[in-house]
Amino acid sequence: RSGQFAPLERSKMLSLPSRQDQVFYRDWQSKTNGAEYLVIGRLGRTDDGKYRVDYELFDVFQQRKVNSWFATGGDLRALAHHVSDVLYQELTGIRGAFSTKMLYVTMEYLQEPGAGPSKQRYRLYMADVDGHNDRILMESSEPILSPSWAPNGRHITYVSFKSTRPAIYIRDTKTGAEKQITNFRGLNGAPRFSPDGRQMAMVLSKDGNPEIYTMDLRSGKLRRITNHYAIDTEPTWAPDGQSLIFTSERGGSPQIYRQYLDSGKVERLTFEGSYNARPALTPDGRFLAMVHRNNGVFHIAVKDLVRGTFNVLTRTQLDESPSIAPNASMIIYATMENNRGVLAAVSLDGRVKVKLPSRVGNVREPAWSPYL
């Protein structure tokens, strides 16, 4: 799913070594496969009953072993993700993100026997980024919106209507403890933790117009960031915590802007087309992912803020809610397939596109975790 590898089909393998003395480089240098690297491994048990994986990486062109490792654990899927992380970093120099997780929201219509019209049921899930090991964090008959992660990878925030109006909550994913942090009149939405986890950006309309605020999570003190008659929404933090990226209609149509927190200076970041929204930044702050409307269709696009280039990455329908992997390799997003909301992922260069499995409901609002 990273777009960096072209795995060799098993039918083209001339041998299946599991130890170094079984590796014959000519088997992997042939015209039928032409592999650059070879990984071999063995699976066993430790004295305490855990799995042990021993694995080695070979450079086929230089005919040498690059490195060898071992890992132990009780979960084979987690071990596989760990091995992938190690190999990805060894070969690319970039930390792997296969062991991270994601949040997403599902909506189902439930029909009770003998009851009237079907009822909506919303569930907030946490799962591995390949869609497996999913578990429900909370469920409600009212909408759940805008889930996102704290930088510690343990706490999350989201918007829930369970108190009859939108409010922002923080939840501990390990203990299940939940804390409501806003309940202002009007809109309480789009919460995002700051890079240091001490503040939260959000959208409030308590003063009449939807504006962006930050809250000190220790004291609860609010600071109003934007002050404009247009709608300002969907804030996200720059990696250095010194500015906020957000969506605003102040130019006549939804576009993405940056406001610096110290000076208050505002700059417009997007000019391509009449609609750009839902900003998400790569961890280095260079690439800006967004929802871009082209000929009436919503796609995921990326702008290089250094070079100024702009690329539309997807060709699916009604794409929304882009969220970027912590190593900036992939973007997960929500889209439509057969009139049903599903999740998909696309590499930052647009070359690799995959659908992610989901068993039930319409799936929306994905959020990729930080490193765990």
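Residues numbered from 1 in each chain as written. Predicted model: local features only at pLDDT ≥ 70, side-chain atom pairs only at ≥ 80, totals over all residues. Heavy atoms only, no water.

Draft legend 1. Structural context of the overall build of the protein chain. Secondary structure summary: the protein chain contains 2 helices and 27 strands in total. The C-alpha radius of gyration of the protein chain comes to 23 Å, within 12% of the 21 Å expected for a compact globule of 372 residues. Positive and negative charge centroids in the protein chain, built from 49 and 39 side chains respectively, lie 1 Å apart. (Helix = DSSP H or I, 4+ residues; strand = E, 2+ residues; numbered from the N terminus. Rg over C-alpha atoms; globule rule 2.2 N^0.38 Å. Lys, Arg positive; Asp, Glu negative; His and termini not counted. Charge placed at Lys NZ, Arg CZ, Asp CG, Glu CD.)

Draft legend 2. Structural context of the sheet that holds strand S10 (residues 178-180). Pairing is antiparallel across the open sheet formed by 4 strands, whose spatial order is S7-S8-S9-S10. Looking along the sheet, the strands with just one partner apiece sit at the ends: strand S7 (144-149) and S10. Within the sheet, the average angular offset between the axes of one strand and its neighbour, ignoring direction, is 25°. Sheet analysis places S7 next to strand S8 (residues 155-160), joined by 4 bridges and oriented antiparallel. Note on S8: the bridge partner recorded for Leu145 is Val159. (Pairing = 2+ DSSP bridges. Axes fitted to C-alpha atoms, helices over the stretch in contact; angles between N-to-C directions.)

Draft legend 3. Representation of the packing of aromatic side chains in the model. Enumeration according to the criterion identifies 7 aromatic pairs in this entry. Measuring from centroid to centroid gives 6.0 Å for Tyr158 and Tyr169, while their planes differ by 15°, and the two rings are stacked. Residue Tyr158 is found in strand S8, and its partner Tyr169 is found in strand S9 (residues 167-172); the two are separated by 11 residues along the sequence. By the ring-pair criterion, three or more aromatic residues cluster together here, those being Phe5, Tyr88 and Phe98. (Phe/Tyr/Trp six-rings, centres within 6.5 Å; stacked < 30°, edge-to-face > 60°.)

Draft legend 4. Local environment of the sheet that holds strand S17 (residues 255-260). Strand order in the open sheet made by the 4 strands is S15-S16-S17-S18, with antiparallel pairing throughout. For this open sheet the edge positions go to strand S15 (232-237) and strand S18 (266-268), each flanked by a neighbour on one side alone. Averaged over all adjacent pairs, the angle separating strand axes in this sheet is 30°, with direction ignored. Note: S17 against S18, 3 bridges, orientation antiparallel. When the bridges of S18 are listed, Gln259 appears paired with Val266.

Draft legend 5. Representation of the pattern of salt bridges. Inspection of the entire model under this criterion finds 22 salt bridges. Here Glu139 and Arg123 are joined by a salt bridge, their closest N and O atoms 3.1 Å apart. One end of the pair, Glu139, is in strand S6 (residues 135-140); the other, Arg123, is in strand S5 (residues 119-128), and 16 residues separate them in sequence. Judged by relative accessible area, which is 36%, Glu139 ranks as partly exposed. A salt bridge links Arg224 to Glu211; the shortest N-O distance between them is 3.2 Å. Of this pair, Arg224 sits in strand S14 (residues 222-224) while Glu211 sits in strand S13 (residues 211-216); the two residues are 13 residues apart in sequence, bridging distant segments of the chain. (Salt bridge = Lys/Arg side-chain N within 4 Å of Asp/Glu carboxyl O. Buried < 20%, exposed > 50% of the residue type's maximum accessible area, 1.4 Å probe, protein only.)

Draft legend 6. Representation of the pairing of strand S20 (residues 287-294). With 4 bridges joining them, strand S19 (residues 276-281) and S20 adopt antiparallel strand pairing. Counted as the bridge partner of Leu281 is Leu288 from S20. Once S19 ends, the chain turns through 5 residues before running back antiparallel as S20, passing Gly285 with a positive phi of about 80°. As defined by bridge partners, S20 adjoins strand S21 (residues 297-304) across 8 bridges and the pair is classed as antiparallel. Within S21, the position partnered with Phe287 by the bridge is Asp304. What sits between S20 and S21 in their antiparallel hairpin is a turn of 2 residues, with Asn295 showing a positive phi close to 55°.

Draft legend 7. Representation of the side chain of Thr282 in the model. Its place among the elements puts Thr282 in the loop between S19 and S20. Separated by 2.6 Å, the side chains of Thr282 and Asp284 make a polar contact. Reaching out from Thr282, the side chain makes a polar contact with the backbone nitrogen of Arg286 at a distance of 3.5 Å. Excluding residues that lie within four positions of it along the chain, Thr282 makes contacts with Pro239, Phe287, Ile324, Ala328 and Leu348. (Polar contact = N/O pair within 3.5 Å; in protein donor to acceptor, adjacent residues only side chain to side chain. Contact = heavy atoms within 4.5 Å.)

Draft legend 8. Structural context of the pairing of strand S23 (residues 317-324). In the sheet, S23 pairs with strand S24 (residues 330-337) via 4 bridges, with the strands oriented antiparallel. Each bridged residue has a counterpart across the sheet, and for Ser323 the counterpart in S24 is Ile332. Hairpin geometry of S23 and S24 is characterised by an intervening segment of 5 residues between the two adjacent antiparallel strands and by a positive phi of about 65° at Ala328.

Draft legend 9. A look at the environment of Val306. Within the secondary structure, Val306 is located in the loop between S21 and strand S22 (310-312). Linking Val306 and Arg286, residues 20 residues apart in sequence, is a C-alpha distance of 6.3 Å.

Draft legend 10. Geometry of unusual backbone geometry. If you check the backbone angles, Asn295 has positive phi at about 55° while not being a glycine. Among the structural elements, Asn295 can be located in the loop between S20 and S21. The class for Asn295 is exposed, based on a relative accessible area of 77%. Even without being a glycine, Asn339 presents a positive backbone phi close to 60°.

Draft legend 11. Summary view of helix H2 (residues 76-92). The first and last C-alpha atoms of H2 sit 24 Å apart over 17 residues, in line with the 24 Å expected at 1.5 Å per residue. Every buried residue of H2 is listed here: Leu79, His81, Val83, Asp85, Val86, Leu87 and Tyr88. Here the buried face of H2 lies against strand S1 (37-45), strand S2 (51-59), strand S3 (64-73) and S5. At the N-terminal end of H2, a side-chain oxygen is found 2.9 Å from the backbone nitrogen of Arg77, two or three residues along, and the residue is Asp75. The first or second residue beyond H2 is Gly93, which carries a positive phi of 80°. (Expected span 1.5 Å × (residues − 1).)

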